[in-house]
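# Summary of the model geometry
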Amino acid sequence: MQYALLFYETDTSFAAWDHNPESDAYWGAWKVYVEDMLASGIVRGGEGLLGPQTATTLRVRGGQNEVQDGPFADTKEQLGGFFVIEVDDIDTALAWAAKAPCAPYGGVEIRPTLPQM
Amino acid sequence: MATGRVEQAVRESYGRLVAILSSRDRDIGTAEDALADAIVAALEQWPEQGIPERPEAWLLAVARRRLVDRSRRAATDAALSRSLALLTEFVGEVDLAAPRFPDERLKLLFVCAHPAIDPTVHAALMLQSVLGLSAARIAAAFVVSPDAMGRRLTRAKVKIRDAGIGFELPDPRELAGRLGPVLDAIYTAYGSGWDGLADDSQRHDLTTEAIWLARTLNELMPAQPEALGLLALMLHLEARKAARRAPDGAYVPLSEQDTGLWSPALLAEAEATLRRAATFRKAGRYQLEAAIQSAHVGRRLTGQPDRATIAALYDGLFHHAPGLGVAVGRAAAKAEADGAEAGLRLLAAIDAERVADYQPYWAVRAELLARSEVADGQGDAILAYDRAIALAEDPAVRRHLAERRARLLS
């Protein structure tokens, strides 16, 4: 089955994206994780995203484009990136999610992908 | 031929067949539908043609044909399409001529109590998919509407299918963590319908079903001390069921129960099960709860429960499972062993915000204050009784507390 792992980051962890004393440790942890995942051959796709301060949200209402500065939902944790992986079942997906660097302070949402039409 | 015999044959095999039929596609709902069709066919054909030599193989063969028919139809629906090749392979998986089918119910129990499934539906899922109980019957036990229960069950089954919850036994390293929710769900099934209904004839409890699930679990997983502990606990509670109510329906507290009404057979089985659990020398919440019940039973022989042992067991239980119910039970046990004041001190240590609406806290507090020598104890006891009575859902418990309160005033 294919699952999307959606990685949720916090304000503090997004702050580490800029160069500061914490960023080396932050990126180091992600580098190890991404390399492990790629080496296991399960990755079907994925990207990291720039922080929610760069987000723009659009809704069409009454035929009008409503464009807004900011992410879709104003929550404490925000989407920071995702992988699409191919594994047997949710337990394997959960095991990969548990290793994500953001799991201890943010979280990971696991979603099966829609089967091919 | 009586429908009863057909029903019994079906009940024995239901969970086994659902587990086999749903394991490949993880689709419990569709497996149950196919099995339901097979059961309807059995009810039509068996009374005339006689029960087949191997009823389970018969049901499995018919249900599988239905599954294949269904997915052929579904295959026209692109979004639901599944490969027919896979299905053909699946149909060949279990040998219908084999003397016994593999028992996959254990996997089904773990699927029902998977952490990715809402814990409030674990028990209902087990009762339905392993025992074949209807949503209406389960809804009555959990005091919710049949529609709401049906929706919850359907949602959970769709999640199992679509989220890809594997029909596999947990990895040994994860077993301890995964077994807990299975045990909790079985105990939840046992507790359903126990309280909140006044009239025993209206009770829709599922205690027998829960014990059956625990027996099945222990059969399939024989060396788990906590699973044995849970079975022992439920057998103890079940043994005293007849003594919990007076003939007029009034609530009878444990200390005043007629020990002659306790079931000796169930008590003996409970004790033997707990002894087996203890041989593993690995204590846990359910074993300690069963041990507390066991210590209460000592009264049958000596006339007096072993109060010091019960208080010590509660200390151990609180260490393993520091929930509100255990904290209050521990205070009550401490009071029995070392006096009301000692119990009140433990009650005072519980966070006041958490107990504001917790009925057992107020009932125990009232009882201990009434017995204590503390200043204003009697006045505070009356206030605590008022609160316990207001919070009690069971009219028999309310009557019991009102009598205790009235005794203080006379």
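Predicted model, so just to flag it, every value in this text is computed and none were measured.

Counting its regular elements, chain B contains 21 helices and zero strands. Relative to its 410 residues, chain B shows a buried fraction of 47%. In chain B, of all internal contacts separated by at least 6 residues, the share reaching a separation of at least 24 is 66%. As presented, chain B carries roughly 19,600 Å² of accessible surface, and 53% of it is formed by carbon and sulfur atoms.

So, on to the pattern of salt bridges. All names here are of chain B. Under the definition given, this model contains 27 salt bridges over all chains. One salt bridge connects Arg-405 with Asp-386, and the closest N-O pair in it is separated by 2.6 Å. Here Asp-386 lies in helix α20 (residues 377–391) and Arg-405 lies in helix α21 (residues 395–409), a separation of 19 residues in the sequence. What makes Arg-405 partly exposed here is its relative accessible area of 24%. One connected set of salt bridges, linked through shared partners, spans Arg-16, Glu-56, Asp-103 and Arg-105.

A few words on the nonpolar core. All names here are of chain B. Counting residues in hydrophobic clusters, the biggest one holds 112 residues, and the most contacted among them are Ile-186 and Leu-217. Those residues in contact with Ile-186 that sit more than four places away from it in its chain are Met-126, Ala-210, Leu-213, Ala-214, Leu-217, Leu-230 and Met-234. Core analysis: the next-biggest nonpolar cluster, separate from the first, contains 25 residues, Val-328, Tyr-361, Leu-369 and Ala-384 among them.

This part takes up the pairing of strand β1 (residues 2–9) of chain A. Residues and elements named next belong to chain A. For β1, the tally of buried residues reaches six of eight residues, placing the bulk of the element in the interior. The pairing of β1 with strand β5 (residues 78–86) spans eight bridges and is antiparallel. Bridge assignment links Tyr-8 to a residue of β5, and that residue is Leu-79.

A word on α20(B). All names here are of chain B. A rise of 1.5 Å per residue sets the reference length of α20, with its 15 residues, at 21 Å; its end C-alpha atoms lie 21 Å apart and thus fit the reference within 8%. Residues of α20 that are buried: Gly-377, Ala-381, Ile-382, Ala-384, Tyr-385, Ala-388 and Ile-389. Elements in contact with the buried residues of α20: α19 (359–371) and α21.

Interface size is commonly expressed as the accessible surface area that is lost when the partners come together. Counting from both sides, the interface comprises eleven residues of chain B and, opposite them, nine residues of chain A. For the pair chain B and chain A, the two sides together bury roughly 750 Å², of which 54% comes from carbon and sulfur. Taken together, chain B and chain A are joined by one salt bridge. A salt bridge links Arg178(B) to Asp91(A); the shortest N-O distance between them is 3.8 Å. When its residues are assigned to classes, the side of chain B that touches chain A shows four nonpolar, three polar and four charged.

Here we take up the domain arrangement of chain B. All names here are of chain B. Annotation of chain B at the domain level lists domain 1 (1–103) and domain 2 (104–196 + 204–220). Taking both partners together, domain 1 and domain 2 bury about 1,700 Å²; carbon and sulfur atoms supply 58% of that area. Applying the counting criterion to the domain 1 and domain 2 interface returns three salt bridges. The salt bridge partner of Lys-157 is Glu-32, with a shortest N-O separation of 2.6 Å. Summed over the shared surface of domain 1 and domain 2, the result is three residue pairs in polar contact (both at pLDDT 80 or more). Contributions of two or more residues to the side of domain 1 that touches domain 2 are made by α1 (3–22) and α2 (28–49). Here the side of domain 1 that touches domain 2 takes eight residues from α1, the largest share from any one element. When its residues are assigned to classes, the side of domain 1 that touches domain 2 shows six nonpolar, four polar and eight charged.

The next subject is unusual backbone geometry. Residues and elements named next belong to chain B. The phi dihedral of Arg-26 falls on the positive side, at around 60°, and the residue is not glycine. If you trace the backbone, Arg-26 turns up in the loop between α1 and α2. In this model, Arg-281 sits at a positive phi of 50°, which is unusual for a non-glycine residue.

All names here are of chain A. Burial within strand β4 (residues 64–69) is sparse, with just zero of its six residues counted as buried. Inspection of the sheet shows strand β3 (residues 56–61) paired to β4 by six bridges, in the antiparallel sense. Note on β4: the bridge partner recorded for Val-60 is Asn-65. Hairpin remark: β3 followed by β4, antiparallel, with two residues in the connecting loop; positive phi at Gly-62, about 60°.

Cut-offs used in this document
Residues numbered from 1 in each chain as written. Chains lettered and ligands numbered in written order. Predicted model: local features only at pLDDT ≥ 70, side-chain atom pairs only at ≥ 80, totals over all residues. Heavy atoms only, no water. Helix = DSSP H or I, 4+ residues; strand = E, 2+ residues; numbered from the N terminus. Buried < 20%, exposed > 50% of the residue type's maximum accessible area, 1.4 Å probe, protein only. Contact = heavy atoms within 4.5 Å. Areas by Shrake-Rupley, 256 points an atom, 1.4 Å probe, with all protein chains shown as cover. Salt bridge = Lys/Arg side-chain N within 4 Å of Asp/Glu carboxyl O. Core = buried A, V, L, I, M, F, W, Y, C linked by side-chain atoms within 4.5 Å. Pairing = 2+ DSSP bridges. Expected span 1.5 Å × (residues − 1). Buried area = accessible area lost by both parts, 1.4 Å probe. Nonpolar A, V, L, I, M, F, W, Y, C, P; charged D, E, K, R; others polar. Domains from an automatic or database assignment. Polar contact = N/O pair within 3.5 Å; in protein donor to acceptor, adjacent residues only side chain to side chain.

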